[in-house]
Amino acid sequence: MADSTLKLKKLPDREPPENTIGWIAWIRDNLFSSATNTLTTLIFVYLFYLYIPPFIEWAIINANISGTDRSVCDTNKSGACWTFIKIRLEQLLFGLYFASNPEQTWRPIVAFSVFGMLIIPLVIDKTPHKKWLLIALLTLYPLLFICVVYGGVFGIPVSDTGQWGGLLLTFALSFVGIIVALPLGILLALGRRSEMPIVKMMSVTYIEFWRGTPLITILFMASVMLPLFFPSGVDFDKVVRAMIGITLFQSAYTAEAVRGGLQAIDKGQNEAAMALGMGYWRRTILIVLPQALKISIPSIVNTFIALFKDTSLVSIIGLLDLLKMAQNSSRSLDWNGYDIEGYLFAGFVFWIFCYGMSSYSQKLERKLDTDRRAE
Amino acid sequence: MTSTAASKKPMMTDSPPIITINKLNKWYGKFHVLKDIDLNVNKTEKIVICGPSGSGKSTLIRCINRLEVHQEGSIIVDGTELTDDVKQINEIRSDVGMVFQHFNLFPHLTVLENCTLAPIWVRKKSKIEADELGMELLNKVRIPDQAHKYPGQLSGGQQQRVAIARALCMQPRVMLFDEPTSALDPEMIKEVLETMIELADSGMTMLVVTHEMGFANKVADRVIFMDEGQIVEQNDPKNFFNNPKSERTKLFLSQILNH
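Residues numbered from 1 in each chain as written. Chains lettered and ligands numbered in written order. Predicted model: local features only at pLDDT ≥ 70, side-chain atom pairs only at ≥ 80, totals over all residues. Heavy atoms only, no water.

Colleague: Would you explain the interface of chain B and chain A in this entry?
Modeller: Interface extent is often summarised as the accessible area lost during association of the parts. With 25 residues of chain B at the interface, the matching set in chain A holds 23 residues. Between chain B and chain A, roughly 2100 Å² of surface is buried when both sides are summed, and carbon and sulfur atoms account for 59% of that area. Our enumeration of links across chain B and chain A arrives at one salt bridge. Between Glu 271 of chain A and Arg 62 of chain B there is a salt bridge, with the nearest N and O atoms lying 2.6 Å from each other. The tally of links between chain B and chain A comes to six residue pairs in polar contact (both at pLDDT 80 or more). Breaking the side of chain B that touches chain A down by element, the ones donating at least two residues are helix 2 (86-95), strand 6 (96-99) and helix 3 (111-121) of chain B. Its residues assigned to classes, the side of chain B that touches chain A comprises 13 nonpolar, seven polar and five charged. (Contact = heavy atoms within 4.5 Å. Buried area = accessible area lost by both parts, 1.4 Å probe. Salt bridge = Lys/Arg side-chain N within 4 Å of Asp/Glu carboxyl O. Polar contact = N/O pair within 3.5 Å; in protein donor to acceptor, adjacent residues only side chain to side chain. Helix = DSSP H or I, 4+ residues; strand = E, 2+ residues; numbered from the N terminus. Nonpolar A, V, L, I, M, F, W, Y, C, P; charged D, E, K, R; others polar.)

Written as structure tokens, this is what we have:
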């Protein structure tokens, strides 16, 4: 290019005007920018004032936590009865068997602790050897769970799965549902998009059948009908039956979530991989799935969260999951009348798990967003 | 086949053609896209295919690596006929590089990983070997400094050069280009064409679907004009541009050269 005679005079950068930055400006711009906005702000401030302080007073300031029976709570009715939760905690978390045999309580504690030790480093970005941790979580952990919680090996007495309950049961059902349904769902989603008519038809039939049936029906069928298909004497464990039902149900939903991702991948991606001589499975595993799963993370996690909460439906076939356990406990003679505390606790535990999954999925989405990754 | 202009490299007519296409016919449903195509491509030959949209030129080169399936006739690439045999198809594909209009880089992999993926998984090279090869070819297309970025961070021209490097990493015998510059801004067309000219000079066999007539003039041994699924006319660039024989070719050339 020719030497330019017209040179741009570079202006120095200046600070933005004083009244456009800082928290006062933020409040003015976001909370009181217009008449409607101001009115909305005031209404909500009033509603918060009306409900939040009394709740805090009830749940924290006036709450009871001391004592070992209901007498404390019955004398101070102005606060929540957390004593109930404290006394019944083991039952709510581990179910009847592990709560009523104190010398066995270590077993679910070990199972949850090991899970924590695997999952916490997995969600931290900088952990080395994540791949091995994940493999351990998916293979060794279920084995450990069976050995420790179910027992029957190394002199650990067998626990009756019918007596599993509380968070332990909710966790076991969800864990199996999630880790088995994900690969199954991926295969079904691929099957649904297959060019082979029979594979496609079978995948579609499977997905539509399980998606079109309420989970309660499936749990009933798993509980009542499944035994009819097996010779008498083969007694299927009730928890295993629920796990199978939930997994079959869940895989159909996961498949649809994954299919959404697969559909969003440009066909040029597949063509480019084909043109490099890559076969179907290599194309799918190396090119298509990493992109499709990334896109479908929000909807996959959505189905996981729904599943985690839906496991509470197993109470219909007589299993005492976290929610049912909270309900039953607050209806026992010892604690009759303290349902609110029971439901709040169950709700809070559900929320922790679901919020954890949701936050992690958002983090993962940001991390995998290579299209907009900073240089 | 017509003889080439003196300035072009001589064609190796003594060795058998690397691609032989015989009476090729293809339909999309009931629509007859390719009609009785006969085409031989010799080693190191550079062929530019042009024609109006819908003339079947892209379909033709996509048949060569079986991104499109033909219904009649035969395509023989380097001695192997394209059939339904998946293994044979993948072997041919790994020897035939392709560059697409929309680059089709893998957005979840870095530039270098884009280049090394197929060498590692298809050619079974070690990662170190593949990385070396990848860097060598990224050097060749003059973007080694972008190796660890993601495709989304690159300009269109850079992305297309990565796509060329990715195809070259498979050390193909033939390169197919499907409108490689149609999706690019004018400034970027030049850098991609320069890369392609360098590639042509290195002796690569190339089939290029393009409307860049300057490129055709400079590089092609033969220019093919297609319309309505047929090869209407083919000649060396000098005669093709200066003395087009058919009316259809004349009309097409007048439209693309005078705008």
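From this point, the discussion proceeds with the structure in view.
Colleague: Could you clarify how one ought to interpret the sheet that holds strand 4 (residues 72-77) of chain B in this entry?
Modeller: Sheet strands pair via backbone hydrogen bonds, and the direction of the pair is either parallel or antiparallel. Residues and elements named next belong to chain B. As summarised here, the arrangement of the four strands in space is 2-1-4-5, forming an open sheet in which the pairing is antiparallel. Whereas interior strands pair on both sides, the edge strands pair on one side only; in this sheet they are strand 2 (31-41) and strand 5 (80-81). Bridging between strand 4 and strand 5 involves two bridges; their strand directions are antiparallel. Each bridged residue has a counterpart across the sheet, and for Val 77 the counterpart in strand 5 is Thr 80. Here helix 1 (residues 57-64) sits on the sheet in contact with strand 1 (19-28), strand 2 and strand 4, set at roughly 120 degrees to strand 1. (Pairing = 2+ DSSP bridges. Axes fitted to C-alpha atoms, helices over the stretch in contact; angles between N-to-C directions.)

Colleague: When you look at the packing of aromatic side chains in this model, what are you seeing that I'm missing?
Modeller: Centre distance and the angle of the planes are the two values used to describe a pair of aromatic rings. Residues and elements named next belong to chain A. Within the structure shown, the criterion is met by 21 aromatic pairs over all chains. Aromatic side chains Tyr 141 and Phe 175 sit 5.6 Å apart centroid to centroid with 75 degrees between the ring planes, which places their arrangement in the edge-to-face category. Placement of Tyr 141 in helix 7 (residues 130-150) and of Phe 175 in helix 8 (residues 166-192) is noted, with a sequence separation of 34 residues between them. A relative accessible area of 13% places Phe 175 in the buried class. (Phe/Tyr/Trp six-rings, centres within 6.5 Å; stacked < 30°, edge-to-face > 60°. Buried < 20%, exposed > 50% of the residue type's maximum accessible area, 1.4 Å probe, protein only.)

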